[in-house]
Amino acid sequence: GLAVGMGVGQALLVLLAASAAMPAKDPLLNICMDAKHHKTKPGPEGMLHDQCAPWKDNACCTANTSSEAHKDQSNLYNFNWNHCGVMPPKCKRHFIQDTCLYECSPNLGPWIDQVDSSWRRERILHVPLCKEDCEEWWEDCKDYVTCKENWHKGWNWATGTNRCPWGSMCRPFSHVFPKPKDLCEKIWSNSYKYTTEHRGSGRCIQMWFDPVQGNPNVVVAKYYAWKKRSSTAWMENVTPETNKAVCTLPWPVLVLLPLALVMLPEG
């Protein structure tokens, strides 16, 4: 009896370990948002253009989208970067990189938000951007001029491309966006959140990265997906009468644990 008991007990413990170690596929990870140009599922792309190339192993954008992202008057959104004179190349490359991240990254799941807009059903909100990415963007653009703080809306589209709205003035970037935080958070209506986290910390999304070292945003998405899940699990499991968090172990563990303990030989 003892040997059988030990065998069953060990088998159950192995099963337990396996059920605890194999979470179901996380719906927030490795996904593409439902927007104008995104693929339905991320996957490898042979050739992604220039600054979008870091995503080629696993991308939500097609090669065509990646090359459009680099054009001044791109077909992606008919958006004109040069609405207050020509945007300098060192500034424009950040906007291209921002477009590549938005169109190509499969790691933005934890920040996808539902929207009811004519051209997309989902957007990103409060993506925690690494300090360096935000500050370099601001530094390289601070001498450019613009007439608007929020580039998502309020343009004059009468000619089919965005022009400065009537009565607005072209002012230096550094006046419109006094600090890097202002630029990153306001320009795309809170798509990004400025953070003091550094590249490589695993706690912030990088717009710029060297694909040779792999994509650093994969672990960042995992961390925030876990955080999001544990905070909603906590909220859902707080029962009003006791106000205590109920233990959230996967069911096989709850069912099998007492059994495994019974089966284990004593002393």
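About the criteria used
- Residue indices begin from 1 for each chain and proceed along its sequence in written order.
- Residues qualify for local features only when their pLDDT is at least 70, as the model is predicted, and side-chain atom pairs are given and counted only at 80 or more; totals for whole chains, interfaces and linings, by contrast, use all residues.
- Derived side-chain values reflect all non-hydrogen atoms in the structure, with water molecules and hydrogen atoms excluded from consideration.
- UniProt positions are given in the numbering used here, feature names are shortened, and annotations may be inferred rather than shown by experiment.
- The rule is short: rings of Phe, Tyr and Trp, with Trp giving its six-membered ring, pair when the centres are within 6.5 Å, and they are stacked under 30 degrees, edge-to-face over 60, tilted in between.
- Helix numbering and strand numbering both begin at the N terminus, where a helix is a DSSP run of H or I of at least 4 residues and a strand a DSSP run of E of at least 2.
- Only protein chains enter the area calculation, which uses a 1.4 Å probe; residues under 20% of their type maximum are buried, those over 50% are exposed, and those in between are partly exposed.
- The term nonpolar core refers to a set of buried residues drawn from Ala, Val, Leu, Ile, Met, Phe, Trp, Tyr and Cys, joined through side-chain atoms within 4.5 Å.
- In what follows, residue pairs with any heavy atoms lying within 4.5 Å of each other are defined as contacts.
- To count as a disulfide, a pair of cysteine sulfur atoms needs to be within 2.5 Å.

Under the annotation held in an unreviewed UniProt entry, the chain carries the name Folate receptor alpha and is attributed to Podiceps cristatus. Its UniProt record, at the heading Sequence similarities (unreviewed entry), says of the chain: "Belongs to the folate receptor family."

Caption draft 1: Main features of the packing of aromatic side chains. Summed over all chains, the structure comprises 19 aromatic pairs. When the centroid spacing of 5.1 Å and the interplanar angle of 80° are considered together, the rings of Trp55 and Phe209 count as edge-to-face. Linking Trp55 in the loop between helix 1 (2-21) and helix 2 (63-68) with Phe209 in the loop between strand 6 (192-194) and helix 7 (217-237), this pair joins segments that are 154 residues apart in sequence. Accessibility classification places Trp55 together with Phe209 in one group, the buried group. Look at Phe79 and Trp155: their rings are 5.7 Å apart centre to centre, the planes differ by 85°, and that puts the pair in the edge-to-face class. With Phe79 in the loop between helix 2 and helix 3 (89-104) and Trp155 in the loop between strand 4 (145-146) and strand 5 (171-172), the pair connects residues that are 76 residues apart, well separated along the chain. Judged on exposure class, the residue Phe79 and its partner Trp155 are both buried. Aromatic ring contacts, followed pair by pair, group Phe79, Trp81, Phe95, Trp137, Tyr144, Trp151, Trp155, Phe173, Phe177, Trp188 and Tyr192 into a single cluster.

Caption draft 2: Summary view of the nonpolar core. Phe95, Trp137, Trp151, Phe173, Ile187, Trp188 and Tyr192 are the most contacted members of the largest nonpolar core, which has 49 residues in total. Put simply, the parts of the chain that give this core at least two residues each are helix 3, strand 3 (127-129), helix 4 (131-141), helix 5 (173-176), helix 6 (180-186), strand 6 and helix 7. Discounting residues that sit within four places of it in the chain, Ile187 has contacts with Phe95, Trp137, Glu149, Asn150, Trp151, His152, Phe173, Phe177 and Asp182.

Caption draft 3: Structural detail: the state of the cysteines. Scanning all chains against the criterion turns up eight disulfides. One disulfide in the model links Cys32 with Cys60; its S-S distance is 2.1 Å. A torsion of -90° about the S-S bond marks the disulfide between Cys32 and Cys60 as left-handed. In this pair, Cys32 sits in the loop between helix 1 and helix 2 while Cys60 sits in the loop between helix 1 and helix 2, placing the two residues 28 residues apart along the sequence.

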